[in-house]
Amino acid sequence: MKRRKKGWLFLLCSFLMVLWPVLAMGADTIKLGVTEPLSGTFKDIGERYLDGVKYAVETINAGGGLLGKKIEIIPIDSELKPDVASRKAQNLILKEGVKFFCGGTGSSVGAAMSQLANRENVIFYTYGMEAASLTGDKCNKNFFRATSNTDTRSYALAVLMAQKGYKSIAIVAQDYSFGKEAVAAFKKKMAELSPQTKIVAELYHPAGTKDFAPYVSQIVAAKPDAIFTPNWGNDLTLLLKQGRPMGMKQKIFSYYINDEVVIGSLGDDSLVIGDMGVEIYTLSAPTKKNKEFVAKFYKDRGYYPVMRGKGYVATMFWAEAVKKAGSFDVNAIIKAWEGLSYDGPAGVWTMRAADHQTQLPFWVVEIVKNNPYYKHAFEKHAGVINAKDVEVPVDQTGCKMSN
Amino acid sequence: MKAKISLILPIISVLVLLLLMPLVLKNYHLNILTEIIIFALYAVSYNLLLGYAGLLSFGHAMFFGLAAFVTGIAIIHLKGIGMITAIFLGVFSAFLAGVVIGSLLLRHKGSYFALLTLAFNALFYAVATKWHSVTGGDDGLNVPRPELNVIFAKIPVETVPQFYYFTLIVLGIVILFVWFFTRTAMGKTVLLMRENEERMKFIGYSTNLSRLILFIFTGTLAGLAGAFYTLHFRFVSISAISVEMTTVVLLMTFVGGTRTFWGPILGVFVYIILQNYLSDITDRWPLFMGLIFVFMVLFIPGGLSGFIMDMKERVAKKREVALEGNQL
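Residues numbered from 1 in each chain as written. Chains lettered and ligands numbered in written order. Predicted model: local features only at pLDDT ≥ 70, side-chain atom pairs only at ≥ 80, totals over all residues. Heavy atoms only, no water.

S.K.: Describe in detail the overall build of chain A, supporting the description with residues and values.
M.R.: Each helix and strand counted, chain A has 13 helices and 15 strands in total. Its C-alpha atoms give chain A a radius of gyration of 22 Å, within 12% of the compact-globule value 22 Å for 403 residues. Dimensions of chain A, computed from the C-alpha atoms along their principal axes, are close to 70 × 60 × 40 Å. Per-residue burial over chain A gives 58% buried out of 403 residues. For chain A, the computed accessible surface area is about 16,000 Å², with 56% contributed by carbon and sulfur atoms. Counting 51 positive and 40 negative side-chain charges, chain A places the centres of these two groups 4 Å from one another. (Helix = DSSP H or I, 4+ residues; strand = E, 2+ residues; numbered from the N terminus. Rg over C-alpha atoms; globule rule 2.2 N^0.38 Å. Buried < 20%, exposed > 50% of the residue type's maximum accessible area, 1.4 Å probe, protein only. Areas by Shrake-Rupley, 256 points an atom, 1.4 Å probe, with all protein chains shown as cover. Lys, Arg positive; Asp, Glu negative; His and termini not counted. Charge placed at Lys NZ, Arg CZ, Asp CG, Glu CD.)

S.K.: Explain the environment of Val157(B) to me, and be specific about the residues and the numbers.
M.R.: All names here are of chain B. By secondary structure assignment, the location of Val157 is in the loop between strand E3 (153–155) and helix H7 (160–182). What makes Val157 buried here is its relative accessible area of 5%. When the C-alpha positions of Val157 and Thr167 are compared, they lie 9.6 Å apart, and in sequence the two are 10 residues distant. Residues in contact with Val157, not counting those within four places in the same chain, are Met83, Arg145, Pro146, Leu148, Gln162, Phe163 and Phe166. (Contact = heavy atoms within 4.5 Å.)

S.K.: Go over the packing of helix H3 (residues 60–77) of chain B against helix H4 (residues 83–105) of chain B with me, naming the residues and quoting the values.
M.R.: Residues and elements named next belong to chain B. Where H3 meets H4, the closest approach of the two axes is 8 Å, and the angle between their N-to-C directions is 145°. Seen from above, H3 lies across H4 with right-handed handedness. Residue-level contacts link Met62, Phe63, Leu66, Ala67, Val70, Thr71, Ala74 and Ile75 of H3 to Ala86, Ile87, Leu89, Gly90, Val91, Ser93, Ala94, Ala97, Gly98 and Ile101 of H4. The class makeup of the residues in the contact of H3 with H4 is 14 nonpolar, 4 polar and no charged. (Axes fitted to C-alpha atoms, helices over the stretch in contact; angles between N-to-C directions. Left-handed = near helix turned anticlockwise from the far one by under 90°. Nonpolar A, V, L, I, M, F, W, Y, C, P; charged D, E, K, R; others polar.)

S.K.: Would you mind going over the pattern of salt bridges in detail, with residue names and values included?
M.R.: Residues and elements named next belong to chain A. Under the definition given, this model contains 29 salt bridges over all chains. Lys189 is paired through a salt bridge with Glu192; the nearest N and O atoms lie 3.3 Å apart. Highlighted residues: Lys189 and Glu192, both in helix H6 (residues 177–193), separated by 3 residues, approximately one helical turn. By relative accessible area, which is 52% here, Glu192 ends up exposed. (Salt bridge = Lys/Arg side-chain N within 4 Å of Asp/Glu carboxyl O.)

S.K.: Describe in detail the interface of chain B and chain A, supporting the description with residues and values.
M.R.: Tallying the contact residues gives 40 residues for chain B and 32 residues for chain A. Taken over both partners, the interface formed by chain B and chain A buries close to 3,200 Å², and the fraction arising from carbon and sulfur atoms is 63%. Where chain B packs against chain A, one counts 1 salt bridge. When the shortest N-O distance is used, the salt bridge between Glu244(B) and Lys81(A) registers 3.2 Å. There are 4 residue pairs in polar contact (both at pLDDT 80 or more) connecting chain B and chain A. Listing elements by their share of the side of chain B that touches chain A, those giving two or more residues are helix H2 (27–52), helix H10 (207–233), helix H12 (263–281), helix H13 (285–299) and helix H14 (303–327) of chain B. Ranked by residue count, the leading element in the side of chain B that touches chain A is H12(B), at 9 residues. Its residues assigned to classes, the side of chain B that touches chain A comprises 22 nonpolar, 8 polar and 10 charged. (Buried area = accessible area lost by both parts, 1.4 Å probe. Polar contact = N/O pair within 3.5 Å; in protein donor to acceptor, adjacent residues only side chain to side chain.)

S.K.: Residue-level account of the state of the cysteines, with values.
M.R.: All names here are of chain A. Under the criterion given, the structure shown has 1 disulfide over all chains. Covalently, Cys139 is tied to Cys399 through a disulfide, its sulfur atoms 2.1 Å apart. Taking the torsion about the S-S bond as the criterion, the Cys139 to Cys399 disulfide, at about 80°, is right-handed. Within this pair, whereas Cys139 is found in the loop between strand E4 (123–126) and strand E5 (143–145), its partner Cys399 is found in the segment after helix H13 (394–397), the two being separated by 260 residues in sequence. We classify Cys139 as buried; its relative accessible area is 9%. (Disulfide = S-S within 2.5 Å.)

S.K.: Any chance you could break down the nonpolar core for me, citing the residues and the numbers?
M.R.: Residues Leu32(A), Tyr125(A), Met161(A), Phe228(A), Trp318(A), Trp337(A) and Ile385(A) are the most contacted members of the largest nonpolar core, which totals 108 residues. Summarising the domain contributions, this core has at least three residues from each of domain 1 (28–148 + 284–360) and domain 2 (151–279) of chain A. If you look at the next biggest cluster of nonpolar residues, it comprises 99 residues, including Val44(B), Met83(B), Leu214(B) and Phe261(B). (Core = buried A, V, L, I, M, F, W, Y, C linked by side-chain atoms within 4.5 Å. Domains from an automatic or database assignment.)

Laid out in structure tokens, this is it:
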């Protein structure tokens, strides 16, 4: 008898749960779906990006909205799985007619979303998915990349290292498509800019390696002037943690060195001081707009917009395109965004019409002990690399845009 | 005769109802309903193993995923392939996998069977992950929906309602066929096997052969569901062949109840609706699914269908008591 009562209770509860969202439907707003991993291992990255997009939307809404309408964010937990992200996005398109999506984590998610966007004629823009192929052979008119890619970022690091005049360089990278693409682009640009520079070691390790000793000893034995690595997250942390005590003293030039989580988790600033990196948005970028943005963000949130800035600037860029189009019509916005320039906190960004890859400057940073942002070591502005210097000609991207 | 009518009448009314759905429902709900039908076939095939034969498999996703991948790869690489050929290739690959794996597994039962199926599933998963050039690895494959040509007519399946009808008709017929199968002599031997295998052997049945046939049959059905999965989402990735896909169907089957044929279908319905709504509300929806599962195991072990059957019996008994009371 008791069991039966609980059974009815259970049925009632599930019924209420089913009805709940139906009762709480939204008002007339412009909806922006944000696909990020909001659970699991990469949650911390997804939440920081989402926070940046949210801040942009709050800023736009506080200023009266976009074309007089408020924007509403719909967070989509992609679980970093392309099938999950595209299924949820498809449902949102059918249910609520969502026309705008963005995301920053996982090029695999990007590839699936790009196809979906093209099929359903909606817009997807990314501020963090960097696989060059997304604006290369997989490009389409509904996908926009408001960030760098593995080609341009590797080019920027090659420019930086060529300027420094290193004679020999060691490379260490993760053994999967991202690591390999990044290294290939780096070597290509380096050979072009500084043919006399030798690559004295080129090492690949599985992503998520725990023991870096075999790789570090090879680097140390090769005696390079400097080290290039596209490693990120834990693979960067452990490379530094295990490499420095083994005598790997060279400056490291890395894709994502100015990550407060990576540096904070090292626990020892001396491991990372002096290393350099390039990034499309940095706290220390010395533009007037960036100084205002960082100060306002810190005042509102109580922390600094590391990484979040990428989501913020890209979303403001999208809003500019909508404003220029003067309507929320997808085709009009695509047309308006192509060739559009936006002068924001991270300098002037221009959306190249032929492949929808934003041409943008890279901000160079060096990790120093004393910085205005954190107690631990963090970045110092160390120059800028112009968009022209890292441009990949359209005919080399493999993109054939069809209309 | 009366019993037959009471069986067929609800089936026909459900079918008519489903056929009328596109007139009532919006595309969003129709899309979910299509997903429900696909997973219903997957769950029904799983329940033939779990509920009817008492075989707990942790590797059902290998058939589902294999057919999903083969269908997708065939569409991408074979230019101008029709939808029926693509589905056939997918289903046929699942059939072949069933023959090979089934003949290796047929002597095992209970936990040995469960663990071996898990091992085979892990093998398929590893191949799908590592064979990047063919399966797309983590990136998955985007699969366009090919044309559906039946004899000389081209049937459109691009829009949500069109694909819904296509799925409903094909999978609906297959599910009915499976239902019919459970009532044939072969279907009954499956039940016998679960209840008393020794006795069956004494009577003269080859239980190994029966089990092999059942294994291949359920694998092929799961493969058909997998092929439709690819066509429905126009995308296939390693998720389709992961162990997670098996636990999902286990959960669906269990929530619905394994005692009846239609229990798993009810389970799929509840699971997918809940999943869609819960994931709208919270990112932690697997936690709630888990809680529901624990609750079901503790308090309603017969699943939703078991619960409904209990209720029906109770009502019937009460009516009898009431009738007797009136007579007195």
